[in-house]
Amino acid sequence: MVTRTRHRVTMVPAALRSIILLAAVAAESPAAAQPASDPVARGAQVYREVCMRCHAADPMRDRPASAARRENGVLTAIETQGPMRWIRNLLSDADIAAVQAWLDFVVLPATAIRPQTGVWWNPVEPGRGYVFEYGHGFAVLWAFYFGDDGRPDWATTAVRYDGSIPRVEGALAQFRDGQSLLAPWREAQPAPSPGSVSVRLDAPAQATLVWPGGSVPIVRALLNPGASPQVPDSGYPEPGIWWNPAEPGRGFAIDVQGTQLLLVAYLYDEDGRAVWLTTNGTMPTRFRFEGDWFRFADGQTLRGAFLPARRIEPPVARIAIDFDSPRAGTLTLPNGRRFPIVRYF
């Protein structure tokens, strides 16, 4: 069921019919989505409310990752690391065990392949693309391509990924009748699935995708010349999925390498059909990006052979994003409306 919430999602509901993506994004808050007895959901809540006072939202980027998959790893860290001892009087044994359960759920084993977050593509078939992200125990894939009538289209999936095998598999989900670029919010509705997708991870920036269109080798897209994707410059926005939690149903995939930003917006036309828009360019500072959103047409379909996409002129809109931090900002639409966007994971 698609719901609206102002809570940031830290734990994805087991029922992925709504797909955790902003795509339809029907995610609920951890407390509402999971029974109170679920230790993983409780651990997500405790980590968010207590541990994030000092640690990163993504534990794999910070010291909590070292406590995962170790017997009593969290308890040992609390009792032996001086700065953390105050937590022992704040959290119950059950809360500590819940944080341990959540870390065990979301932190991948050291041997696992973690896909790089950002935009991926097949360089010999430009025009179609994919957005990949791993976060909080789930792998998320967005695919953007073209319908049989030449209009832009997209589909998405989000599945549990524990790293035990380097493969992500799930049913693709599509939606319609959601929020368009300038219209008020409305709830997106599920549409028939175009099929299933399987992604075999060969390396963090290299994979093979198999879906109704056949087998496709994909790699992380390069926004700057070089042999491998760059990380964002210090203080620049994080690559990944962004959204406005008060308006689930559309989302924004941002990739940043160095000072180069690529943004793909997933939303809906006025007639309710799924559509995507894209813009890219150099950020003059880490706090601001401005660009023209373009629409493309007549490119490669999900099942079809390669066709070069055609950029439609003039641009659909001029947009600006003012970033308060690497994980939060404010997007300004051409009609002057401003709304907050934050990282989904």
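As the structure is a prediction and not an experimental result, all values here were calculated from the model. (Residues numbered from 1 in each chain as written. Predicted model: local features only at pLDDT ≥ 70, side-chain atom pairs only at ≥ 80, totals over all residues. Heavy atoms only, no water.)

J.: Looking at this model, I keep getting lost on empty space enclosed by the protein. Mind explaining?
T.: Which parts of space are left empty comes out when a probe the size of a water molecule is rolled across the atoms. Going through the model one piece at a time under the given rule, you end up with one cavity of 30 Å³ or more. Taken together, D58, R61, R114, E133, Y134, G135, H136, E238, R327, R343 and F345 make up the lining of the largest cavity. Among the elements that line the lining of the largest cavity, the one with the most residues is strand 2 (residues 129–135), at three residues. Looking at side-chain class alone, the lining of the largest cavity contains two nonpolar, two polar and seven charged residues. (1 Å grid on protein atoms, 1.4 Å probe; cavity = no way out; pocket = protein on both sides within 12 Å on 5 of 7 lines; lining within 4 Å. Points joined across faces, edges and corners; volume = space filled by probe spheres on them. Helix = DSSP H or I, 4+ residues; strand = E, 2+ residues; numbered from the N terminus. Nonpolar A, V, L, I, M, F, W, Y, C, P; charged D, E, K, R; others polar.)

J.: Looking at this model, I keep getting lost on the layout of surface pockets. Mind explaining?
T.: Counted as a void, the largest pocket has a volume near 610 Å³. Around the largest pocket, the lining comprises 27 residues; the ones closest to its centre are W121, F144, L262, T278 and N280. It is strand 14 (residues 274–282) that contributes the most residues to the lining of the largest pocket, five residues altogether. Computed from the structure, the second largest pocket encloses a volume of approximately 390 Å³. Lining the second largest pocket are 24 residues, and of these H55, P64, A77, Q81 and M84 lie nearest its centre. Mapped by element, the contributors of at least two residues to the lining of the second largest pocket are helix 3 (73–80) and helix 4 (93–106). A per-element tally of the lining of the second largest pocket places helix 3 first, with six residues.

J.: Any chance you could explain the pattern of salt bridges here in plain terms?
T.: In a structure, side chains of opposite charge can pair up when their charged atoms sit close to one another. A full pass over the atoms with the stated rule returns 24 salt bridges. The partner of R327 in a salt bridge is E238, and the shortest N-O contact between them spans 2.9 Å. One end of the pair, R327, is in the loop between strand 16 (310–325) and strand 17 (328–332); the other, E238, is in the loop between strand 10 (214–220) and strand 11 (240–243), with 89 residues separating them in the sequence. Judged by relative accessible area, R327 falls into the partly exposed class, the value being 23%. The class of E238 is buried, set by a relative accessible area of 14%. For E238, the salt bridge goes to R343, with nearest N and O atoms at 3.1 Å. A residue pair is termed long-range when its members are at least 10 positions apart, and E238 in the loop between strand 10 and strand 11 and R343 in strand 18 (residues 338–343) qualify at 105 residues. On the basis of relative accessible area, R343 is assigned to the buried category, the value being 2%. (Salt bridge = Lys/Arg side-chain N within 4 Å of Asp/Glu carboxyl O. Buried < 20%, exposed > 50% of the residue type's maximum accessible area, 1.4 Å probe, protein only.)

J.: What exactly am I supposed to notice about the packing of helix 2 (residues 39–49) against helix 4 here?
T.: Each pair of packed helices can be summarised by the angle the axes make with each other and by the distance between the axes. One can describe the packing of helix 2 onto helix 4 by two numbers: an axis separation of 7 Å at closest approach and a directional angle of 100°. By the criterion of interaxial angle, the relationship of helix 2 to helix 4 is roughly perpendicular. Along its contact with helix 2, which presents P39, V40, R42, G43, A44, V46 and Y47, the element helix 4 presents D95, A98, V99, A101, W102, L103 and F105. Per-class residue counts for the contact of helix 2 with helix 4 are eleven nonpolar, one polar and two charged. (Axes fitted to C-alpha atoms, helices over the stretch in contact; angles between N-to-C directions. Parallel < 35°, antiparallel > 145°, perpendicular 65-115°, else oblique. Contact = heavy atoms within 4.5 Å.)

J.: Would you mind going over helix 4 with me for this structure?
T.: Since one α-helical turn is 3.6 residues long, residues separated by three or four positions face the same way. Helix length check: helix 4 (14 residues) gives 20 Å between terminal C-alpha atoms against 20 Å at 1.5 Å per residue, within 8%. Restricting attention to buried positions, one finds in helix 4 the residues D95, I96, A98, V99, Q100, W102, L103, F105 and V106. Buried positions along helix 4 lie against helix 2, helix 3, strand 2, strand 3 (138–146) and strand 4 (152–160). (Expected span 1.5 Å × (residues − 1).)

J.: Would you mind going over the packing of helix 3 against helix 4 with me for this structure?
T.: The contact between helix 3 and helix 4 brings their axes to 8 Å, and the two run at 125°. One element, helix 3, and the other, helix 4, form an angle in the oblique class. On the side of helix 3, the interface is formed by G73, V74, L75 and I78, while helix 4 contributes I96, V99, Q100 and L103. In the contact of helix 3 with helix 4, the residues fall into six nonpolar, two polar and no charged.

J.: Any chance you could explain helix 3 here in plain terms?
T.: Three or more residues of helix 3 are buried, namely G73, V74, A77 and I78. Along the long axis of helix 3, the arc covered by the buried residues comes to 135°, so they all point the same way. Those residues of helix 3 hidden inside the fold are in contact with helix 4. (Arc of directions from axis to C-beta.)

J.: Looking at this model, I keep getting lost on the packing of aromatic side chains. Mind explaining?
T.: Where two aromatic rings form a pair, the distance of their centres and the angle of their planes describe that pair. Taken as a whole, this structure holds 19 aromatic pairs when the rule is applied. With a centroid separation of 5.9 Å and an interplanar angle of 75°, the aromatic rings of Y134 and Y161 are classed as edge-to-face. One end of the pair, Y134, is in strand 2; the other, Y161, is in the loop between strand 4 and strand 5 (167–171), with 27 residues separating them in the sequence. Note on Y134: relative accessible area 2%, which makes it buried. Judged by relative accessible area, which is 2%, Y161 ranks as buried. Taking the centre distance of 6.3 Å and the plane angle of 75° together, the rings of W142 and W154 count as edge-to-face. Residue W142 is found in strand 3, and its partner W154 is found in strand 4; the two are separated by twelve residues along the sequence. We note that W142, like W154, is buried. (Phe/Tyr/Trp six-rings, centres within 6.5 Å; stacked < 30°, edge-to-face > 60°.)

Geometry only, nothing functional implied.
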